[in-house]
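Topology and contacts: notes
Each chain, letter by letter, is given below.
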Amino acid sequence: MFDTLDSLVNRWGSLRLTMGRWASRGLAASLFPPRCCLCDFPGASLDLDLCEICRADFPWEREPITGAVVALRYAPPADELIRDLKYRGITPNARVLGVLLAQAVREHGAPMPRLLVPVPLHRARLRERGFNQATMLARYAGQMLRIPCAPRAMRRVRDTPSQTSLSMEERHRNVRGAFAIHGAAARRRLLAAGHVAVIDDVMTTGSTLAEMKCALLAAGVRQVDLWAVARVK
Ligand SMILES: [Zn+2]
């Protein structure tokens, strides 16, 4: 009897939450309907700033990648959206890219992590840029997937030089030992989650994501997934 009553109360509670969420999303969508970030046509869905046509033309990553989930190929127009976000501070691009990452993860269908950990920028780089694009992407993807984000769980202990001109071997050497858990509270949170996903904007050789994974596994996190918005080939 009490079980039934409890479960009814729980179901009513979750139904109210769902209805509230839909109502607020519906209201937001009618006040600020999504527009395509490329051609300004109406968005293909409530959360997506891309129209059906641009969405169909996007450079989707169709090849499965061992040990990682990647939404797109680093090709036009995705590469430009990422560069504009990173180097020109066009932060609305983070929403469309984060939502596409969330969709790719859903399609992949693996069990979901319980916490998202963006690849951190070094303090000096963060000061210079003013924001961490990986954190913005993780927040939007997390909102879609209802997974919390822990942007300060890890820190970059070395300000590694830019990777763009380096060979694969140099990239691996460049990021070795570059990341650490950011204090005891972060460690407790990571261990309590047990299963986390590391988020980055672009994956090239995968050395940055692999190094993050190493640091998290060494700290005792049970499972670490690797997610990136786009892959350079
Ligand atoms: Zn469009």
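The rules behind the values
- Residues numbered from 1 in each chain as written.
- Predicted model: local features only at pLDDT ≥ 70, side-chain atom pairs only at ≥ 80, totals over all residues.
- Heavy atoms only, no water.
- Helix = DSSP H or I, 4+ residues; strand = E, 2+ residues; numbered from the N terminus.
- Buried < 20%, exposed > 50% of the residue type's maximum accessible area, 1.4 Å probe, protein only.
- Contact = heavy atoms within 4.5 Å.
- Areas by Shrake-Rupley, 256 points an atom, 1.4 Å probe, with all protein chains shown as cover.
- Donors = N, O, S within 2.8 Å, 3.2 Å for Na, K, Ca; no water.
- Tetrahedral: all angles 85-135°; square planar, octahedral: opposite > 155°, others 65-115°.
- Phe/Tyr/Trp six-rings, centres within 6.5 Å; stacked < 30°, edge-to-face > 60°.
- Salt bridge = Lys/Arg side-chain N within 4 Å of Asp/Glu carboxyl O.
- pLDDT = per-residue confidence, 0-100.
- Pairing = 2+ DSSP bridges.
- Right-handed = clockwise from strand over helix to strand, strands pointing away.
- Axes fitted to C-alpha atoms, helices over the stretch in contact; angles between N-to-C directions.

**A word on the overall build of the chain**
When helices and strands are counted, the chain shows 9 helices and 6 strands. The burial tally for the chain puts 45% of its 233 residues in the buried class. Restricting to contacts in the chain with at least 6 residues of sequence separation, those with at least 24 account for 66%. A total accessible area of about 13000 Å² is found for the chain, and carbon and sulfur atoms account for 56% of it.

**A look at the coordination of the zinc ion**
In the first shell of the zinc ion, the protein supplies Cys36 (SG), Cys39 (SG), Cys51 (SG) and Cys54 (SG), at 2.3 to 2.4 Å from the metal. Taken together, the 4 donor atoms coordinating the zinc ion span angles of 102 to 118 degrees at the metal, a pattern that classifies the geometry as tetrahedral. Here the donor residues of the zinc ion are spaced in sequence according to C-x2-C-x11-C-x2-C. Note that Cys39 is positioned in the loop between helix 1 (2-31) and helix 2 (52-57) and Cys51 in the loop between helix 1 and helix 2, a separation of 12 residues in sequence. Among the residues examined, Cys39 registers a relative accessible area of 35% and is labelled partly exposed.

**Quick look at the packing of aromatic side chains**
For the coordinates displayed, the defined rule picks out 1 aromatic pair. Judged by centre distance (6.0 Å) and plane angle (50 degrees), the rings of Phe58 and Trp60 are tilted. For Phe58, a relative accessible area of 4% puts it in the buried group.

**Comments concerning unusual backbone geometry**
With an omega of -5 degrees, the peptide bond between Pro76 and Pro77 qualifies as cis. Among the structural elements, Pro77 can be located in the loop between strand 1 (69-73) and helix 3 (78-88). Look at Asp40: it is not a glycine, yet its phi comes out positive at around 70 degrees. Note that Asp40 resides in the loop between helix 1 and helix 2. Phi angles above zero are rare outside glycine, and Arg146 is one such case at about 55 degrees. Looking at the secondary structure, you find Arg146 in the loop between helix 6 (133-145) and strand 3 (154-156).

**Here we look at the pattern of salt bridges**
All told, the structure shown has 8 salt bridges when counted by the stated rule. Notably, a salt bridge pairs Arg83 with Asp79, separated by 3.9 Å at the nearest N-O pair. Of the two residues, Arg83 and Asp79 both sit in helix 3, 4 residues apart, roughly one turn of that helix. In this structure Arg83 comes out as partly exposed when scored by relative accessible area, which is 36%. Within this structure, Glu61, Glu63, Arg231 and Lys233 form a network of salt bridges that share partners.

**Thoughts on the confidence of the model for the chain**
Taken as a whole, the chain shows an average pLDDT of 88; of its residues, 85% reach a score of 70 or greater. The secondary-structure element of the chain with the lowest mean pLDDT is helix 1, recorded at 59, while strand 2 (residues 115-118) shows the highest, at 98.

**A few points about the pairing of strand 5 (residues 195-203)**
Extensive coverage of strand 5 is indicated by the burial of 9 of its 9 residues. Inspection of the sheet shows strand 2 paired to strand 5 by 4 bridges, in the parallel sense. Its bridge partner being in strand 5, Leu115 is matched across the sheet by Val196. Alignment of strand 5 against strand 6 (residues 223-231), held across 8 bridges, turns out to be parallel. Paired with Met203 across the strands is Arg231, a residue of strand 6. At this point the chain moves from strand 5, through helix 9 (residues 207-218), to the parallel strand 6, and the crossover so formed is right-handed.

**Looking at the sheet that holds strand 5**
Spatial strand order, 1-6-5-2: 4 strands in an open sheet with parallel pairing. Only two strands of the sheet have a single neighbouring strand rather than two, namely strand 1 and strand 2. The average angle at which neighbouring strand axes cross in this sheet is 20 degrees, direction not considered. Against the sheet, helix 3 contacts strand 1, strand 5 and strand 6, and its axis sits at roughly 100 degrees relative to strand 5. Relative to strand 2, helix 8 (residues 183-193) is tilted by about 130 degrees, and along the sheet it contacts strand 2 and strand 5.

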